[in-house]
Amino acid sequence: MKELVVSKIREGTVIDHINAGKALLVLKILGIDAGTNLTVSMAMNVPSSKMGKKDILKVEGMYISEEKLNKIALISPNATINLVRDYEIERKFKVRPPEVVEGVLKCPNLMCVSNAEREPVRSIFYVKIEENEVSARCHYCGRKIKDLANHII
Ligand SMILES: Nc1ncnc2c1ncn2[C@@H]1O[C@H](COP(=O)(O)OP(=O)(O)OP(=O)(O)O)[C@@H](O)[C@H]1O
Ligand SMILES: [Mg+2]
Ligand SMILES: [Zn+2]
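A short tour of the structure in this document, coming up. (Residues numbered from 1 in each chain as written. Chains lettered and ligands numbered in written order. Predicted model: local features only at pLDDT ≥ 70, side-chain atom pairs only at ≥ 80, totals over all residues. Heavy atoms only, no water.)

Considerations on the pattern of salt bridges
Part 1: What the rule picks out here adds up to six salt bridges.
Part 2: Between R10 and E11 there is a salt bridge, with its nearest N and O atoms 4.0 Å apart.
Part 3: Put simply, D16 and K54 hold a salt bridge, and the shortest N to O gap is 2.8 Å. Residue D16 is located in strand β1 (residues 12-19), and its partner K54 is located in strand β3 (residues 52-60); the two are separated by 38 residues in the primary sequence. Summarising the burial analysis for this pair, D16 and K54 share the class buried. (Salt bridge = Lys/Arg side-chain N within 4 Å of Asp/Glu carboxyl O. Helix = DSSP H or I, 4+ residues; strand = E, 2+ residues; numbered from the N terminus. Buried < 20%, exposed > 50% of the residue type's maximum accessible area, 1.4 Å probe, protein only.)

Digging into the coordination of the zinc ion (ligand 3)
Part 1: Only C107 (SG), C112 (SG), C138 (SG) and C141 (SG) from the protein reach the zinc ion (ligand 3) as donors, at distances of 2.3 to 2.4 Å.
Part 2: One way to put it: the four donor atoms around the zinc ion (ligand 3) meet at angles of 100 to 117°, and that makes the site tetrahedral.
Part 3: Motif for the zinc ion (ligand 3), donor spacing along one chain: C-x4-C-x25-C-x2-C. Of this pair, C112 sits in the loop between β6 (100-102) and β7 (124-130) while C141 sits in the loop between β8 (133-138) and β9 (144-145); the two residues are 29 residues apart in sequence, bridging distant segments of the chain. (Donors = N, O, S within 2.8 Å, 3.2 Å for Na, K, Ca; no water. Tetrahedral: all angles 85-135°; square planar, octahedral: opposite > 155°, others 65-115°.)

Let's talk about the sheet that holds strand β4 (residues 80-85)
Paired through backbone hydrogen bonds, the strands of a sheet run either parallel or antiparallel to each other.
Part 1: Across the sheet, five strands lie side by side as β2-β3-β1-β4-β5; this open sheet has antiparallel pairing. Across the chains shown, the open sheet's two edge strands, defined by having one partner strand only, are β2 (40-48) and β5 (88-94). The average angle at which neighbouring strand axes cross in this sheet is 20°, direction not considered.
Part 2: With respect to the sheet, helix α1 (residues 23-30) is in contact with β1, β2 and β3, its orientation differing from that of β2 by roughly 150°. (Pairing = 2+ DSSP bridges. Axes fitted to C-alpha atoms, helices over the stretch in contact; angles between N-to-C directions. Contact = heavy atoms within 4.5 Å.)

What about the pairing of β1?
Part 1: Summarising burial for β1: eight of the eight residues are buried, a large majority.
Part 2: Pairing of β1 with β3, which is carried by six bridges, proceeds in the antiparallel orientation. Following the sheet pairing, G12 is matched in β3 by E60.

This is how it looks when you write it as C-alpha cells:
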C-alpha cells in the first residue's frame, strides 16, 4: 500500500516533486502566508524514489494560475501538479518553464537597462534547463543567473 505523507484533500491542488527545500518559496509564489484561511499541508525533505528527497504541498480549494505555474517551474522544473476532485486525482501534469520570461525576473546587474531609474524596461530572460537546475540569461545585458528564486520579482 502506498503511504500518504499528509492527509488527503477533497478538492484542490497537490504540488508534488518540488525540489527539496523549496516548498516555502512555492508558498510565497502562491501568496500563501501566515494570514491565510486556506487549508494547507506541507511536507519537506521526504524520501522520493525519483528525486532522492522532495517537498510536497497540498492546498484545499485552490487552483493555480498559469502565471504562478510558470514561476513555480523556474524554481522547481520537475514539479507535478495534481488536480484533486472528490479525493481523487482528476488531472496530472508537469510544470514547464517557459523559454522566455518577461517581467518575472529582476536582473542583478544594476547598470542593466532593465534597472534604469528613469525609464526601466520590462525584464526579459531566456531560460535554460540543465538536469534539475534552471538558469536564465538577460536579454539586455547578457548576465546569467542561477538560483532563480532569489531573482523573482
Ligand atoms: N486526495 C488526495 N489528497 C491529497 N493528496 C493526494 C490525494 N490523492 C493523491 N495524493 C497525493 O498526490 C500525489 C500524486 O499521487 P499519485 O497517486 O498519482 O501518486 P504517484 O503514482 O506516486 O504519482 P507520480 O507518478 O506523479 O509520482 C502523491 O503525493 C499522493 O500522495
Ligand atoms: Mg510518486
Ligand atoms: Zn540585465
